[in-house]
Amino acid sequence: METRTSITAHPAVDRPTAGRFVAFTAIAAVVAAVAAYTSTALGLQAWVMFAGWVAWFTRPTSARLGVHAVICLWLGMVLAVLGHTIVELTGPFAGAAALPLAVLVLATVVVGLRTTPVLDNMLAWFVGLVTFFAAEPEQVLPGLLTLIAGSALGAFAGFACQRLQHRFAT
């Protein structure tokens, strides 16, 4: 007797119960809403808070890896300051090549650290670079500190979300 296997068959996936799914979703939504409110109440940009949230969840398997991700995020922001400086210093003589030159340097550093323990989260590094360049702070140091504060709030919210979901939704 010949058996047929459907080409649309899906491997067994551990799907949460409806109650667990709703709890998991509700926890994330409430924590994100509280973090957004707190950001704006403190005079911080909510989108910067979400940069910290995103970085935290690039490696959500443990709090230790989440902290490593946030370290990479913040180092990405600091590295962006170097990129900003490279563009300012080389712009007068390099013209349109100043930004690609800066990106070459930044990407070399980030990608070069991809196997270094603690610093191996390239996605979080690039989120940090994007965050700094998107913010375009007029004053570098105060702008950097504001970005770190906002993203720290988001990282803490990510941590809280992860812990609450583990406790109540699993």
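Description of the structure in this document. Computed from a prediction, not measured in an experiment: that's the story for all the values here.

### Details of the overall build of the protein chain
Within the protein chain, the regular secondary structure consists of six helices and zero strands. Along the protein chain, helices (α) and strands (β) appear in the sequence α-α-α-α-α-α when read from the amino end. Taken against the 2.2 N^0.38 rule, which gives 15 Å for 170 residues, the C-alpha radius of gyration of the protein chain at 20 Å runs more than 25% over that of a compact globule. Each principal axis of the C-alpha distribution contributes one length, and for the protein chain these read about 75 × 50 × 25 Å. Among the 170 residues that make up the protein chain, the fraction classed as buried is 32%. Total accessible area on the protein chain is roughly 10400 Å²; 70% of this is exposed by carbon and sulfur atoms. Between the mean site of the 8 positive side-chain charges and the mean site of the 6 negative ones, the protein chain shows a separation of 17 Å.

### Focus on unusual backbone geometry
Phi is positive for valine 118, which is not a glycine, with a value near 75°. For valine 118, the position within the fold is in the loop between helix H4 (98–112) and helix H5 (122–135). Phi is positive for glutamate 136, which is not a glycine, with a value near 45°. Positionally, glutamate 136 belongs in the loop between H5 and helix H6 (140–168).

### Observations regarding the side chain of threonine 131
One can find threonine 131 in helix H5. The class for threonine 131 is buried, based on a relative accessible area of 2%. Polar contacts involving the side chain of threonine 131 include one to the main-chain carbonyl oxygen of valine 127, which spans 2.7 Å.

### A few points about a nonpolar patch on the surface
Taken together, the side chains of Leu82, Leu101, Leu104, Val105 and Val109 make up a nonpolar region of the molecular surface, amounting to roughly 370 Å² of accessible area. The dominant element in the nonpolar patch, judged by the number of residues it contributes, is H4, at four residues. Residue position: valine 109 is located in helix H4. Residue class for valine 109 comes out partly exposed when judged on its relative accessible area of 30%.

### Details of the packing of helix H3 (residues 63–94) against H6
Their axes nearest at 11 Å, the elements H3 and H6 cross at an angle of 165°. Relative to H6, H3 is oriented roughly antiparallel. Handedness of the crossing formed by H3 with H6: right-handed. Here Ala63, Val70, Leu73, Trp74, Met77, Val78, Val81 and His84 of H3 come into contact with H6, specifically with Val140, Leu144, Leu147, Ile148, Ser151, Ala152, Ala155, Phe159, Gln162 and Arg163. Partitioning the contact of H3 with H6 into residue classes produces 14 nonpolar, three polar and one charged.

### Some words on the environment of serine 62
Turning to its location among the elements, serine 62 is positioned in the loop between helix H2 (46–56) and H3. Once the C-alpha coordinates of serine 62 and glutamine 162 are considered, the two residues, 100 residues apart in sequence, prove to be 8.9 Å apart.

### Notes on the packing of H3 against H5
For the pair H3 and H5, the least separation of the axes is 7 Å and the interaxial angle reads 45°. Our classification of the angle between H3 and H5 gives oblique. When the axes of H3 and H5 are compared, the crossing they make is right-handed. Facing H3, whose interface residues are Ala69, Cys72, Leu73, Leu75, Gly76, Met77, Leu79, Ala80, Val81, Gly83 and His84, H5 presents Ala124, Trp125, Val127, Gly128, Leu129, Thr131, Phe132 and Phe133. Residue classes in the contact of H3 with H5 are distributed as 14 nonpolar, five polar and no charged.

Cut-off values and rules
- Residues numbered from 1 in each chain as written.
- Predicted model: local features only at pLDDT ≥ 70, side-chain atom pairs only at ≥ 80, totals over all residues.
- Heavy atoms only, no water.
- Helix = DSSP H or I, 4+ residues; strand = E, 2+ residues; numbered from the N terminus.
- Rg over C-alpha atoms; globule rule 2.2 N^0.38 Å.
- Buried < 20%, exposed > 50% of the residue type's maximum accessible area, 1.4 Å probe, protein only.
- Areas by Shrake-Rupley, 256 points an atom, 1.4 Å probe, with all protein chains shown as cover.
- Lys, Arg positive; Asp, Glu negative; His and termini not counted.
- Charge placed at Lys NZ, Arg CZ, Asp CG, Glu CD.
- Polar contact = N/O pair within 3.5 Å; in protein donor to acceptor, adjacent residues only side chain to side chain.
- Patch = residues over 30% accessible without salt bridge, like charges linked within 9 Å, V, L, I, M, F, W, Y side chains within 5 Å.
- Salt bridge = Lys/Arg side-chain N within 4 Å of Asp/Glu carboxyl O.
- Axes fitted to C-alpha atoms, helices over the stretch in contact; angles between N-to-C directions.
- Parallel < 35°, antiparallel > 145°, perpendicular 65-115°, else oblique.
- Left-handed = near helix turned anticlockwise from the far one by under 90°.
- Contact = heavy atoms within 4.5 Å.
- Nonpolar A, V, L, I, M, F, W, Y, C, P; charged D, E, K, R; others polar.

Note that all results are geometric; they support no functional claim without further evidence.
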